[in-house]
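The lines below spell out each chain.
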Amino acid sequence: MASHESNNGANENKEKAHAASAVPRSIPGDQRKVALITGITGQDGSYLTEFLLGKGYEVHGLIRRSSNFNTSRLDHLYVDPHNAAKARMKLHYADLSDASSLRRWVDALLPDEVYNLAAQSHVAVSFEIPDYTADVVATGALRLLEAVRCSPKAARYYQAGSSEMFGSTPPPQSETSPFHPRSPYAAAKVAAHWYTVNYREAYGVFACNGILFNHESPRRGENFVTRKITRAVGRIRLGLQTKIFLGNLSAARDWGFAGDYVEAMWMMLQQEEAGDYVVATEESHTVEEFLQAAFGYVGLDWKEHVVIDPRYFRPAEVDSLKGDSSKARKALGWKPKVGFPELVKMMVDQDVEIAKREKVLADAGYIDAHQQP
């Protein structure tokens with residue numbers, strides 16, 4: 001009981017520190033670059049934060065208020081902001097639906113670079129909550145662009161685009177391919193893309209669109225198909241479940257490693273002129289191929305465990321995405337370091353370890369391991 005109370009106290013102190021950390025710079029007069037990241041608690045936000053801290057930046061992240069802490073991807077980077085000499089990452093409460101909070105933090109922090117990574121980013125969920133998706137993904141980007149435009153300091157702005165914007169456009173897709181979105185999420189991303197182009201052309205804002213094709217990692221959310229598969233592989237391997245329920249196995253995607261892709265984001269903002277770039281591996285694999293690689297890695301036959309569930313089919317499907325990233329490779333000097341087999345193994349290895357810890361708890365009676373078939 002004492003340990004539980006101690007943890008609650010630590011969380012309360014952490015929350016108070018987040019709310020109180022309004023000092024823009026860690027050390028007065030510090031000349032290091034300052035980056036502001038929305039969506040810092042997500043997969044890309046955590047990798048980008050690591051990357052920028054490694055470059056010597058001070059990083060500020062905007063997070064939404066929640067009754068539960070959702071900062072687990074950043075815990076290894078967190079230093080209490082009262083330790084000013086070491087705390088080069090700070091978190092502040094704001095929301096893309098609240099223009100005043102965005103304007104306040106942009107004006108207070110005067111960042112050199114702003115990375116808009118926040119979104120309701122789940123395609124299937126966007127069909128269920130389209131209004132919210134449009135407000136956060138599209139109008140949220142507009143609110144942040146306006147805050148950047150009106151700031152006393154000219155910041156460079158990065159907008160996280162998505163290969164989903166291409167939708168039914170045949171592959172390979174490049175910066176000149178037409179958009180044909182097939183979901184509320186994709187349509188909202190298209191709007192955010194053109195808002196970014198408009199602010200660049202109308203106001204001279206240094207604003208870039210990164211049209212990133214699917215990028216995964218061990219930090220991917222568990223309701224995305226790749227992580228859903230690797231989590232199931234780990235649990236099935238340890239006897240904690242027997243089945244995984246999926247939808248369209250023939251959908252093909254260009255899957256890369258998120259840690260590689262955040263470097264491309266940064267590279268875009270270091271160029272002399274702002275522009276838009278496709279970031280992709282230029283390889284495409286189906287969901288079935290991902291299943292074969294993930295299950296095969298641990299010696300399992302995916303066909304014995306996969307069940308097709310119609311509820312996971314989208315109202316409008318995107319059949320095939322494969323990026324042409326030749327512009328990014330030539331202009332930025334970027335190329336992916338992690339290939340498809342290595343990515344799958346990386347994700348499976350972590351999820352097997354997570355399943356091992358779950359099994360210990362299940363065997364001791366602390367959790368019910370059989371909520372799933």
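Nothing here was measured: the structure is a model prediction, and the numbers come from that model.

A. Looking closely at the nonpolar core. Residues Leu52, Tyr115, Tyr158 and Ile229 are the most contacted members of the largest nonpolar core, which totals 61 residues. Of all the elements, helix H8 (residues 258-268) adds the most residues to this core, at 8 residues. The residues touching Ile229, leaving out its near neighbours within four places in the chain, are Ile244, Leu246, Val287, Phe290, Leu291, Ala294 and Phe295. Counting 22 residues, the second-largest nonpolar core is a separate cluster that includes Trp105, Leu144, Tyr157 and Ala207.

B. Inspection of the pattern of salt bridges at higher detail. Using the criterion set out here, one finds 22 salt bridges in the structure. Glu263 is the salt-bridge partner of Lys337, the closest N and O atoms lying 2.9 Å from each other. Of this pair, Lys337 sits in the loop between helix H10 (326-331) and helix H11 (340-363) while Glu263 sits in helix H8; the two residues are 74 residues apart in sequence, bridging distant segments of the chain. The partner of Glu317 in a salt bridge is Arg314, and the shortest N-O contact between them spans 4.0 Å. Under the relative-accessibility criterion, Arg314 is labelled partly exposed at 26%. Sharing partners across several salt bridges, the network here consists of Glu222, Arg227, Arg231, Arg235, Asp351 and Glu358.

C. Representation of the confidence of the model for the protein chain within the structure. Scored by pLDDT, the protein chain comes out at a mean of 92, with 92% of its residues at no less than 70. Contacts for the low-pLDDT stretch residues 1-23, under 50 throughout, to residues beyond four places or in other chains number 27 contacts.

D. Up close: helix H7 (residues 225-237). Compared with the 18 Å implied by 1.5 Å per residue over 13 residues, the 18 Å span of H7 between its first and last C-alpha is a close match. With respect to burial, H7 is a largely interior element, 10 of its 13 residues being buried. Among the residues of H7, those classed as buried are Thr226, Arg227, Ile229, Thr230, Arg231, Ala232, Val233, Gly234, Arg235 and Ile236. Of the residues one or two after H7, Gly239 is the one with positive phi, at around 75°.

E. Region of interest: the pairing of strand S2 (residues 58-63). Among the 6 residues of S2, 6 are classified as buried, and the element is accordingly described as predominantly covered. Along S2, one buried face is formed by Glu58, His60 and Leu62 and the opposite face, lined by Val59, Gly61 and Ile63, is buried too. In the sheet, strand S1 (residues 34-38) pairs with S2 via 5 bridges, with the strands oriented parallel. For Ala35, the partnering residue across the bridge sits in S2 and is Val59. Where S2 meets strand S3 (residues 89-93), 5 bridges bridge the pair, whose relative direction is parallel. Across the sheet, residue Val59 finds its bridge partner in S3, namely Met89.

F. Expanded view of the packing of aromatic side chains. Considering all chains together, one arrives at 11 aromatic pairs under this definition. Aromatic pair Phe51 and Trp266: ring centres 5.5 Å apart, planes at 65°, arrangement edge-to-face. Taken as a pair, Phe51 in helix H2 (residues 43-54) and Trp266 in helix H8 lie far apart in primary sequence, 215 residues in all. Neither residue differs from the other here; Phe51 and Trp266 are each classed as buried. On the basis of an interplanar angle of 20° and a centroid distance of 6.3 Å, the ring pair of Trp255 and Phe340 is categorised as stacked. Taken together, the residues span a long stretch of sequence, with Trp255 in the loop between strand S9 (252-253) and strand S10 (256-257) and Phe340 in helix H11 at a distance of 85 residues. When its relative accessible area of 4% is taken as the criterion, Trp255 is described as buried.

G. Quick look at the sheet that holds strand S6 (residues 207-212). Pairing within the open sheet is parallel, and its 7 strands lie in the order S3-S2-S1-S4-S5-S6-S11. The strands lining the two open edges of the sheet, one partner per strand, are S3 and strand S11 (276-279). On average, adjacent strands in this sheet sit at an angle of 20° to one another, irrespective of strand direction. Relative to strand S4 (residues 113-116), S1 is paired through 4 bridges, and the arrangement is parallel. If you follow Ala35 over to S4, its bridge partner there is Glu113. Its contacts with the sheet place H2 against S1, S2, S3 and S4, and it is angled at close to 180° to S1. Its contacts with the sheet place H8 against S4, strand S5 (156-162), S6 and S11, and it is angled at close to 160° to S6.

H. Inspection of the packing of helix H9 (residues 287-297) against H11 at higher detail. Viewed as axis vectors pointing N to C, H9 and H11 meet at an angle of 55°, and their least axial separation amounts to 9 Å. On the basis of the axis angle, H9 is oblique to H11. Note that H9 runs across H11; the crossing there is right-handed. Of H11, the residues touching H9 (which contributes Glu289, Phe290, Ala293, Ala294 and Tyr297) are Phe340, Val344, Lys345, Met347, Val348 and Asp349. Split by residue class, the contact of H9 with H11 holds 8 nonpolar, no polar and 3 charged.

I. Geometry of the environment of Gly333. Considering the arrangement of structural elements, one finds Gly333 in the loop between H10 and H11. Accessibility expressed as a relative area gives 52% for Gly333, which makes it exposed. Counting along the chain gives 67 residues from Gly333 to Trp266, while the straight-line C-alpha distance between them is 12 Å. Setting aside residues up to four positions removed in sequence, Gly333 forms contacts with Met267 and Ala328.

About the cut-offs
- Throughout, residues of each chain are indexed from 1 in the direction in which the sequence is written.
- The predicted nature of this model means local features are confined to residues of pLDDT at least 70 and side-chain atom pairs, given and counted, to a pLDDT of 80 or more, with totals for whole chains, interfaces and linings taken over all residues.
- Excluding hydrogens and water, the side-chain figures rest on all heavy atoms present in the structure.
- What makes a nonpolar core is a set of buried Ala, Val, Leu, Ile, Met, Phe, Trp, Tyr and Cys residues whose side-chain atoms join them at distances within 4.5 Å.
- Per-residue accessibility, obtained with a 1.4 Å probe over protein chains only, is compared with the maximum for each type, and a residue is labelled buried under 20%, exposed over 50%, and partly exposed between these values.
- Secondary structure elements are taken from DSSP: a helix is a run of H or I of four residues or more, a strand is a run of E of two residues or more, and numbering for both begins at the N terminus.
- We call two residues contacting when some pair of their heavy atoms lies within 4.5 Å.
- The rule for a salt bridge is simple: a side-chain nitrogen of Lys or Arg has to be within 4 Å of a carboxyl oxygen of Asp or Glu.
- Confidence scores per residue from the predictor, reported as pLDDT, run from 0 to 100.
- An expected span of 1.5 Å times one less than the residue number is assigned to each helix.
- Only strands that DSSP links by at least two bridges are regarded as paired with each other.
- Working definition: a ring pair exists when centres of Phe, Tyr or Trp rings (six-membered ring for Trp) sit within 6.5 Å. Plane angles under 30 degrees give stacked, over 60 give edge-to-face, the rest tilted.
- With axes taken as lines fitted to C-alpha atoms, and helix axes fitted only over the stretch in contact, angles between N-to-C directions fall between 0 and 180 degrees.
- Put simply, angles under 35 degrees are roughly parallel, angles over 145 are roughly antiparallel, angles from 65 to 115 are roughly perpendicular, and the rest are oblique.
- Note on convention: near helix rotated counterclockwise from far helix by under a right angle means a left-handed crossing. Clockwise means right-handed.
- Gly is placed with the polar residues, together with every amino acid not listed as nonpolar (Ala, Val, Leu, Ile, Met, Phe, Trp, Tyr, Cys and Pro) or charged (Asp, Glu, Lys and Arg).

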